[in-house]
Amino acid sequence: MSANPPKRAGGPRVEWPAQRDAPSLPRAAALALVLLNAESRWIHRRVESIDFLDEVRLRRRMSIDFTTPSFRDPTAVDEVLSIEFLPLMVIKREPLNSLDVRDETGSALPVLTRDQNAPIASLLLQTAARSLRRKRVVSEIRELFDELVGNFPGVEAAAIGDEERSLRSQIALARFRFATRRTSLHDLWERPQMQRWLQELSDQFILFVRGDFEAGKRRVLKLSYETTLDQTWTSLGFSFPFRWLAFKLRKAVEALGLIPYSTGFATPSLFDAESYHVEVLAPDQLIVASAKLTRQSKSRETGEKIGPPRIVDEQRSRDRVHLYASGTTPSAAQDALLEAGEYEDAQVEISFALRMTLVAPVLALSGLTTGVLGGGLLLHYTHRTHPLADASAALIVAVPGLFAGWVAPGGHRLVQRLFKGLRLLVFFSALVSFLAAATLVVRLPAGWRSATWQGLAIASAVTTLIATLAFIRSWLCSPSASKGHQVEVFWASVASAAVALALGLSAFPVWETWLAFAVVVLVAMLIGGRRSLRGWENEP
Amino acid sequence: MLKKKRSVAKGVKAAKTSRAKGATVAISDVAKSDVKTSVPKFDPSGVTDHLRLVSRLEDTTYSLFGDSAEGIRLPSNQKQADELSEAVLEDYFADRHAGRVS
């Protein structure tokens, strides 16, 4: 007895998408090969825009400006082939986070899935093999192509994990690479064009976008996805645990704002269009200290770097950087690379620094604390006077600590990370001023108070020195256009610190400090009043 | 207590045996050599080593590196690539004409 129901003629018939697409796949494979073989002839411009979402996450947006070429069938008069599956680029065989592809109108475009991509990639290899050897591709080689690109028809995707797919791809590639001489596999591997496609598709796939791409029409597609920064670090000559210590030391120096925060990202698109642009927007409160677009030669066998990187474009001290390159793939250079067994990789190296407006309050606060303590000690030793040992004097001496809450960076996690060390300085300055104030309200043995103040003054001076160096670093990295505004912020911070310093020193019963306090407040009021008047004059 | 005495006795015996066998280093010898050690003279190579260490620390670099999802295209001889493209298109159109593909 048969378990299958009898077939009925003329019954309802379902055509699944895979069945409907199957006839158009050979065309997609042939056109993909032709298009990807000459990307710079139909893709005019790739513009990448990089946003730092937080400390480690990037959003990469790419606009691709292209004109679809015309494919005319020589056997049919005036028939131009339509392109339904457009190969936008070759992508690493890894999951893409938050992938989004849109056309000029903002409408989302469908992207083929892994299981839809793999048959086209396998067909592409079959087409190339047949055209190169002028022979039919035997089933054994077809199966190897399937293994290489991860095309497993009739097998559920879940049945073969990512690791197994990757392993099977590498085994298939190895079978071509180490094939015995005078075999079909060896013959295919020895052909440079075939070898290139085999290598590229063994760990990458083609990103196909589905749509109606009319021949000869200029289009702009926008693609975006998220990626993360991986921490890689090198330390010349250090071994564990010194490497770890050197790494931590570097991070600490970076967090104090003494050196810019450096990062980078790969930009292979540099070579895949007539011209390539990349824009990086610094998060608020940060500036791009420097940005370089570089290309690096690497060994095709081992992937190791060969020679120093070459700088294609470079910019310094900007709020937003725009790096640009064109004509990066002349055929002569490609041939030279081929002969040398090399390929080129491109990347953007970028370093961020804190804006002066963020560092100035830290400098003002630590300078104020040092000023109150140092000034107090100076008055103590020159005028033989002692601070008023009461609650009001303690409150005055603690003034710098009260300003600590005013120094706070924005909510961006990258800014918070870069400000981490300076935040500690702020906390330390506040602590020092509170300790100094505490010595005024607590009864101490003779000489202890001045000794404590000396120790605190020295510690605070070190803090001020670090803040000063961080401020100088920010100043050097700042764009000259925005320096004017930042200088105003700096002087405002200095004026506030001076007022607070005079107030702090008024804890000492010396008439000069009272006079200084009155003068500083008067000057601050005059400056503030003048600025307000200027502001009114500028009002429309 | 008895165990401790035994272990000391064993240690002494072992030391004597090692000396008898002509061992070059015994505990007492090490102690003597330590006593003999004089204050080392100023050695400029130490300063050089220190400077080298500082220089290495400055060279210490690390970065947070963002990879691109985009794959790497290997270099190719454009003439050969064009020839392959032409051959592929020719074969495709031949198949299409023969009705083997759409």
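Residues numbered from 1 in each chain as written. Chains lettered and ligands numbered in written order. Predicted model: local features only at pLDDT ≥ 70, side-chain atom pairs only at ≥ 80, totals over all residues.

**Notes on the overall build of chain A**
Then step 1. Across its full length, chain A carries 18 helices and 12 strands.
Then step 2. Taking all 540 residues of chain A together, 36% fall into the buried category.
Then step 3. Summarising the internal contacts of chain A: among those between residues at least 6 apart in sequence, 79% fall at separations of at least 24. (Helix = DSSP H or I, 4+ residues; strand = E, 2+ residues; numbered from the N terminus. Buried ≥ 20, exposed ≤ 12 C-beta atoms within 10 Å, placed from the backbone. Contact = placed C-beta atoms within 7 Å.)

**Side note on the domain arrangement of chain A**
Residues and elements named next belong to chain A.
Then step 1. According to the domain assignment, chain A contains domain 1 (17-43 + 63-226), domain 2 (237-354) and domain 3 (356-537).
Then step 2. Between the C-alpha centres of domain 1 and domain 2 there is a distance of 29 Å.
Then step 3. Residues belonging to the side of domain 1 that touches domain 2 are distributed by class as follows: 2 nonpolar, 1 polar and 1 charged. (Domains from an automatic or database assignment. Nonpolar A, V, L, I, M, F, W, Y, C, P; charged D, E, K, R; others polar.)

**A closer look at the packing of helix 2 (residues 25-37) of chain A against helix 4 (residues 78-98) of chain B**
Then step 1. Direction vectors running N to C along helix 2 of chain A and helix 4 of chain B enclose 160°, while the axes themselves pass 9 Å from each other. On the basis of their axis angle, the class for helix 2 of chain A and helix 4 of chain B is roughly antiparallel. Where helix 2 of chain A crosses over helix 4 of chain B, the two elements pack in a sense that is left-handed. Listed contacts from helix 4 of chain B to Pro26(A), Arg27(A), Ala30(A), Leu33(A), Val34(A) and Asn37(A) of helix 2 of chain A are Ala81(B), Leu84(B), Ser85(B), Val88(B), Leu89(B) and Tyr92(B).
Then step 2. Residues that form the contact of helix 2 of chain A with helix 4 of chain B fall into these classes: 9 nonpolar, 2 polar and 1 charged. (Axes fitted to C-alpha atoms, helices over the stretch in contact; angles between N-to-C directions. Parallel < 35°, antiparallel > 145°, perpendicular 65-115°, else oblique. Left-handed = near helix turned anticlockwise from the far one by under 90°.)

**Examining the interface of chain B and chain A**
Then step 1. In this assembly, 36 residues from chain B lie in contact with 66 residues from chain A.
Then step 2. Listed by contribution, the elements that provide at least two residues to the side of chain B that touches chain A are helix 3 (44-59), strand 1 (61-66) and helix 4 of chain B.
Then step 3. No other element matches helix 4 of chain B, which puts 13 residues into the side of chain B that touches chain A.
Then step 4. Its residues assigned to classes, the side of chain B that touches chain A comprises 16 nonpolar, 13 polar and 7 charged.

**So, the environment of Asp345(A)**
Then step 1. Its place among the elements puts Asp345(A) in strand 12 (residues 342-354).
Then step 2. Sequence separation between Asp345(A) and Thr370(A) is 25 residues, and the spatial gap between their C-alpha atoms is 51 Å.

**Some points on helix 5 (residues 139-149) of chain A**
Then step 1. Listed in full, the buried residues belonging to helix 5 of chain A are Ile141(A), Leu144(A), Phe145(A), Asp146(A), Glu147(A), Leu148(A) and Val149(A).
Then step 2. The inward-facing, buried residues of helix 5 of chain A contact helix 4 (114-133), helix 6 (162-177), helix 7 (184-189) and helix 8 (192-202) of chain A.

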